[in-house]
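So you can see what is in the structure, the chains are spelled out below.
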Amino acid sequence: IAAKGTLPGIPSAAEVATQGVSVGEMQAKLLAKIEELTLRQIAQEKRLDAQSAEIAALKAENTALMRSQP
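Please read all numbers here as calculations on a predicted model, not as lab measurements.

About the thresholds
Residue indices follow the written sequence of each chain, beginning from 1 at its first position. With pLDDT at 70 or above as the cut-off, local features in this predicted model cover only qualifying residues; side-chain atom pairs require 80 or more to be listed or tallied, and sums for whole chains, interfaces and linings still use all residues. Water and hydrogen atoms play no part in the side-chain values, which are based on all heavy atoms of the structure. The numbering of helices and of strands both runs from the N terminus, where a helix is a DSSP run of H or I of at least 4 residues and a strand a run of E of at least 2. In this scheme, a residue with accessible area under 20% of its type's maximum is buried, one over 50% is exposed, and one in between is partly exposed, where area comes from a 1.4 Å probe on protein chains only. In short, Shrake-Rupley with a 1.4 Å probe defines the accessible areas, and a residue's cover is counted only from the protein chains shown. By the counting scheme adopted, Arg and Lys are positive, Glu and Asp are negative, and His together with the chain ends is not counted. Charge positions come from single atoms, namely NZ of Lys, CZ of Arg, CG of Asp or CD of Glu. For this document, the term salt bridge refers to a Lys or Arg side-chain nitrogen within 4 Å of an Asp or Glu carboxyl oxygen. Residues adjacent in sequence count toward polar contacts only when both atoms are side-chain atoms; beyond that, a polar contact is any pair of N or O atoms within 3.5 Å, and within protein one must be able to donate a hydrogen and the other to accept it. By definition, residues are in contact when any of their heavy atoms lie within 4.5 Å.

For the rest of this paragraph, the subject is the overall build of the protein. Assigned secondary structure in the protein consists of two helices and zero strands. Principal-axis analysis of the C-alpha atoms gives the protein an extent of 75 × 25 × 10 Å. For the protein, buried positions account for 7% of its 70 residues. Just so you have it, the protein exposes about 6,000 Å², and 62% of that area is on carbon and sulfur atoms. When the 8 positive and 8 negative side-chain charges of the protein are each reduced to one mean point, those points stand 3 Å apart.

On to the pattern of salt bridges, then. This structure, assessed with the given rule, holds three salt bridges. In this structure, E25 engages K29 in a salt bridge whose closest nitrogen and oxygen atoms are separated by 3.3 Å. With a gap of four residues between them, E25 and K29 both fall in helix α2 (residues 23-68), about one helical turn apart. The exposure class assigned to E25 is partly exposed, which follows from its relative accessible area of 43%. E36 serves as the salt-bridge partner of R40, at 3.2 Å between the closest nitrogen and oxygen.

Bringing the environment of K33 into the picture now. For K33, the location among the structural elements is in helix α2. Between the C-alpha atoms of K33 and R47, which are 14 residues apart in sequence, the distance is 21 Å. For K33, the side chain forms a polar contact with the main-chain oxygen of P8, separated by 2.8 Å.

In this fold, A60 is placed in helix α2. Judged by relative accessible area, which is 47%, A60 ranks as partly exposed. Residues A60 and E25, spaced 35 residues apart in sequence, show a C-alpha to C-alpha distance of 53 Å.

With relative accessibility at 18%, the residue K33 sits in the buried group. Once residues within four sequence positions are removed from consideration, K33 is found in contact with L7, P8 and I10.

The quantities given are spatial measurements derived from coordinates; they are silent on function.
Structural data, given as structure tokens:
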């Protein structure tokens, strides 16, 4: 994105304005991008859930250690 200024495989607005675009082809590309983003979001949620569980376990361990000290 940083190099080209658009998503990989998706034409820029300028390219669409000058060269046009097949609506069916663009719909297929956009659907593929939506699926890719959805899968990434699901993976991020799984990582976040795992991190939240780990944080909760560490907090419980920390609390138990603090209580056991005189």
